[in-house]
Protein chains: 2
Amino acid sequence: MTTSFNINEFIYDFKNCCNKVQKKSFNRGQTITSYIRNRNQFCILVSGNADLVRYDLNGNRTIIEHFSESDIFGEVFYSITTNNELLVEAKSKCEVLIYNYQDIHHKCNKGCKFHEILSEYLPELILNKITDLNMRIELLTKRTTRDKLLGYFNLLSTKALNKTFEIPFSLTDLADYLSVDRSAMMRELKLLKDENFIKKDSKKITLLYK
Amino acid sequence: MTTSFNINEFIYDFKNCCNKVQKKSFNRGQTITSYIRNRNQFCILVSGNADLVRYDLNGNRTIIEHFSESDIFGEVFYSITTNNELLVEAKSKCEVLIYNYQDIHHKCNKGCKFHEILSEYLPELILNKITDLNMRIELLTKRTTRDKLLGYFNLLSTKALNKTFEIPFSLTDLADYLSVDRSAMMRELKLLKDENFIKKDSKKITLLYK
DNA sequence: TATTTTTTGTTGCAAAAGCAACAAATATGT
DNA sequence: ACATATTTGTTGCTTTTGCAACAAAAAATA
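Residues numbered from 1 in each chain as written. Chains lettered and ligands numbered in written order. Predicted model: local features only at pLDDT ≥ 70, side-chain atom pairs only at ≥ 80, totals over all residues. Heavy atoms only, no water.

Q: Would you take a moment to explain the protein's contact with DNA strand D for this structure?
A: Looking at DNA strand D, there are 19 residues lining it, with A:Thr145, A:Asp181, A:Ser183, B:Leu171 and B:Thr172 nearest. Near-protein atoms of DNA strand D (within 4 Å) split between backbone and bases, with sugar and phosphate holding 50%. Residue A:Ser183 places a side-chain N or O atom 2.9 Å away from a base nitrogen belonging to DNA strand D. B:Lys200 places a polar side-chain atom, nitrogen or oxygen, 3.1 Å from a phosphate oxygen of DNA strand D. At the level of secondary structure, the elements contributing two or more residues to the surface near DNA strand D comprise α5 (182–194) of chain A together with α4 (171–178) and α5 (182–194) of chain B. Grouping the constituent residues of the surface near DNA strand D by class yields four nonpolar, six polar and nine charged. (Near = heavy atom within 4 Å. Polar contact = N/O pair within 3.5 Å; in protein donor to acceptor, adjacent residues only side chain to side chain. Helix = DSSP H or I, 4+ residues; strand = E, 2+ residues; numbered from the N terminus. Nonpolar A, V, L, I, M, F, W, Y, C, P; charged D, E, K, R; others polar.)

Right, here's the structure in full:
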């Protein structure tokens, strides 16, 4: 997420916040939370990486969203109408703050610094979340695996301000993120290399067109 | 969008708002706005229906979002990284309020009723937008045309609290919305009928499974 | 460090989706 | 009400994608 807000600048103070806030730690592979029914749960990722994933009835895994430091997530952003299980899984060691959204999105008058800062930045965090989701939709609506790959690479290149960049997760995960079959994606990556659209050195990609 | 907020309950008062607000009318087929660069444009649809559409280089049209009464949209929710044109097109006669986001999302102290109501409801509107976008992502990440159709029908059925419901746009648009080829979608619809998953009478669909 | 697990790269074959084209039915505008 | 434009329904053919399976490489863990 591209925001000036960095949770770690004030995290030291979170315990003095008037609201019930839990700070929890998770190891790689653990489930941080599952979206079951609206409990107004609102989370902030303090450190680590995590994915919101869905497993469907055919065993397909889809990475719905990818979270890194200072990203927000939680059931409060979902109205569950799906039959499928939605899980937030830790991809590395994670620290997470867990709030109830009702408690946090209004300014309080108890003068707790952490609460004040959070509610000040909340609109910006939420706006950023919307732009992220819109970019995600842009990607997912691309018709072919090739367009999805190039679209995603463009995004990463723009972020990195460089034609060369690193794919932030495994190729297996990338396929789940773009919602395509892994072997079909590998085939397409090979074609993109052969046709000189990209240069690829394991996870390092360079765009060869302007 | 599923919110208690209905813009038409207070729209009479919008001219007394301290902020520069424009109310514009559009006819079916007209472009309400195009997303070019971040101008912090924030719009509310007062009446009518509109789509956010993208035309790609192959001439494919994609309906990114569908808006109806009281829905919010605008460049402020986008950070433009795409090469493609993004347009909001009126699907019927539309009335739209156009604001600058900066001017509206903070409470003012000039006592203008309309501003007060808007900023009161804004968090709810925005949260609803996020849940809508998440549902959209849920749909788009489905792997097959069949799953997209059934996923979307489930959603409509849930909204309507009924196994029978009406598709809110043309089948041509539905294909553009689900990001699939129209003829392939028609084929799949026929199969769903033949296999007794659904009953279909033009735009009226009934789900035949529980 | 050795062992186990996960990821990467690849392929042949099957299934699904896209493309193009057309007639018939509807809807729209004048 | 008429003429025009759009949508619907359909199909044959082509291309793309998905599935299954496997060996090699890399990463994680005991």
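Q: Would you take a moment to explain the interface of chain A and chain B for this structure?
A: By a widely used convention, the size of an interface equals the accessible area lost when the partners come together. Across the boundary between the two partners, chain A contributes 42 residues, which contact 42 residues of chain B. For the pair chain A and chain B, the two sides together bury roughly 3500 Å², of which 57% comes from carbon and sulfur. Across the chain A-chain B interface, the total number found is two salt bridges. Between B:Arg54 and A:Glu138 there is a salt bridge, with the nearest N and O atoms lying 3.4 Å from each other. Where chain A meets chain B, there are twelve residue pairs in polar contact (both at pLDDT 80 or more). Contributing elements (two or more residues each) for the side of chain A that touches chain B: β5 (61–67), α2 (113–140) and α3 (145–160) of chain A. At 13 residues, the largest contribution of residues to the side of chain A that touches chain B is made by α2(A). (Contact = heavy atoms within 4.5 Å. Buried area = accessible area lost by both parts, 1.4 Å probe. Salt bridge = Lys/Arg side-chain N within 4 Å of Asp/Glu carboxyl O.)

Q: Before we go on, may I ask you to explain the sheet that holds strand β2 (residues 31–35) of chain A in this structure?
A: Paired through backbone hydrogen bonds, the strands of a sheet run either parallel or antiparallel to each other. Residue and element names in this part refer to chain A. Strand order in the open sheet formed by four strands is β2-β7-β4-β5, and the pairing between neighbours is antiparallel. Of all the strands in the sheet, the pair left with one neighbour each is β2 and β5. Ignoring strand direction, the axes of neighbouring strands in this sheet form an average angle of 25°. Sheet topology places β2 next to strand β7 (residues 85–90); four bridges connect them, and they run antiparallel. Each residue of the ladder has a partner; that of Tyr-35, found in β7, is Leu-86. Running over the sheet, helix α4 (residues 171–178) touches β4 (50–55) and β5 and is turned about 95° from β5. (Pairing = 2+ DSSP bridges. Axes fitted to C-alpha atoms, helices over the stretch in contact; angles between N-to-C directions.)

Q: When you look at the layout of surface pockets in this model, what are you seeing that I'm missing?
A: Rolling a probe over the atoms, with the probe sized like a water molecule, indicates the empty space that remains. As a volume, the largest pocket reaches approximately 1200 Å³. If you trace the largest pocket, you find 46 residues lining it, with A:Leu122, A:Pro123, B:Tyr101, B:His105 and B:Pro123 closest to the centre. Counting only elements with at least two residues in the lining of the largest pocket, the list comes to α1 (101–104), α2 and α3 of chain A together with α1 (101–104) and α2 (113–140) of chain B. Residue contributions to the lining of the largest pocket peak at eleven residues, all from α2(A). Along the lines of polarity and charge, the residues of the lining of the largest pocket split into 17 nonpolar, 21 polar and eight charged. (1 Å grid on protein atoms, 1.4 Å probe; cavity = no way out; pocket = protein on both sides within 12 Å on 5 of 7 lines; lining within 4 Å. Points joined across faces, edges and corners; volume = space filled by probe spheres on them.)

Q: What's the story with the protein's contact with DNA strand C in this structure? I'm lost.
A: Taken together, 19 residues sit near DNA strand C, with A:Leu171, A:Thr172, B:Thr145, B:Asp181 and B:Ser183 positioned nearest. In DNA strand C, atoms within 4 Å of the protein come from the sugar-phosphate backbone in 52% of cases. One of the backbone N or O atoms of A:Leu171 is found 2.8 Å from a phosphate oxygen in DNA strand C. Between DNA strand C and B:Asp181, the relevant distance is 2.8 Å, taken from a phosphate oxygen to a main-chain nitrogen or oxygen of the residue. Those elements giving two or more residues to the surface near DNA strand C turn out to be α4 and α5 of chain A together with α5 of chain B. Residues of the surface near DNA strand C, tallied by class, amount to four nonpolar, six polar and nine charged.

Q: Sorry if this is basic, but what is going on with the relation of the copies chain A and chain B here?
A: Applying a rotation about an axis and a shift along it to one chain copy brings it onto the other copy. Once chain A is rotated about the relating axis by 180° and shifted along it by 0.0 Å, it coincides with chain B to within an RMSD of 0.1 Å. Seen this way, the second copy is the image of the first under a two-fold rotation axis. A shared interface surface links the copies, since 100% of the contact residues of chain A are contact residues in chain B too. (Least-squares fit on C-alpha atoms with pLDDT ≥ 70 in both.)

Q: Honestly, α3(A) in this entry has me stumped. Any pointers?
A: Because an α-helix packs 3.6 residues into every turn, residues spaced three or four apart end up facing the same way. Residues and elements named next belong to chain A. Taking 1.5 Å of rise per residue, 16 residues should cover 22 Å, and α3 covers 22 Å from first to last C-alpha, within 8% of that figure. Every buried residue of α3 is listed here: Thr-145, Arg-146, Lys-148, Leu-149, Leu-150, Gly-151, Tyr-152, Phe-153, Leu-155, Leu-156 and Ser-157. The elements touched by buried residues of α3 are α2, β9 (164–166), α4, α5, β10 (198–201) and β11 (204–207). (Expected span 1.5 Å × (residues − 1). Buried < 20%, exposed > 50% of the residue type's maximum accessible area, 1.4 Å probe, protein only.)

Q: What is the right way to read the sheet that holds strand β5 (residues 61–67) of chain B from this model?
A: Residue and element names in this part refer to chain B. The four strands are arranged β2-β7-β4-β5 in an open sheet whose pairing can be described as antiparallel. Looking at which strands have only one partner, the edges of the open sheet turn out to be β2 (31–35) and β5. Each neighbouring strand pair of the sheet contributes to a mean axis angle of 25°, computed without reference to strand direction. The pairing of strand β4 (residues 50–55) with strand β7 (residues 85–90) spans six bridges and is antiparallel. In the strand pairing of β7, Arg-54 is matched with Leu-86.

Q: I keep staring at the state of the cysteines and nothing clicks. Help me out?
A: Structurally, a disulfide amounts to a covalent bond that connects the sulfur atoms of two cysteines. All names here are of chain A. Tallying each qualifying case throughout the model produces zero disulfides over all chains. No disulfide involves Cys-43; its sulfur sits 11 Å from the nearest other cysteine sulfur, which is in Cys-94. When its relative accessible area of 0% is taken as the criterion, Cys-43 is described as buried. (Disulfide = S-S within 2.5 Å.)

Q: Help me understand the packing of α2(A) against α3(A) in this model?
A: Packed helices, taken two at a time, are described by the angle their axes make and the gap between the axes. Residue and element names in this part refer to chain A. Two elements in contact, α2 and α3, have axes whose closest approach is 9 Å; the angle formed by their N-to-C orientations is 150°. For the element pair α2 / α3, the angle class is roughly antiparallel. Contacts between α2 and α3 involve Met-135, Leu-139 and Leu-140 from the first element and Lys-148, Gly-151, Tyr-152 and Leu-155 from the second. Split into classes, the residues belonging to the contact of α2 with α3 amount to five nonpolar, one polar and one charged. (Parallel < 35°, antiparallel > 145°, perpendicular 65-115°, else oblique.)

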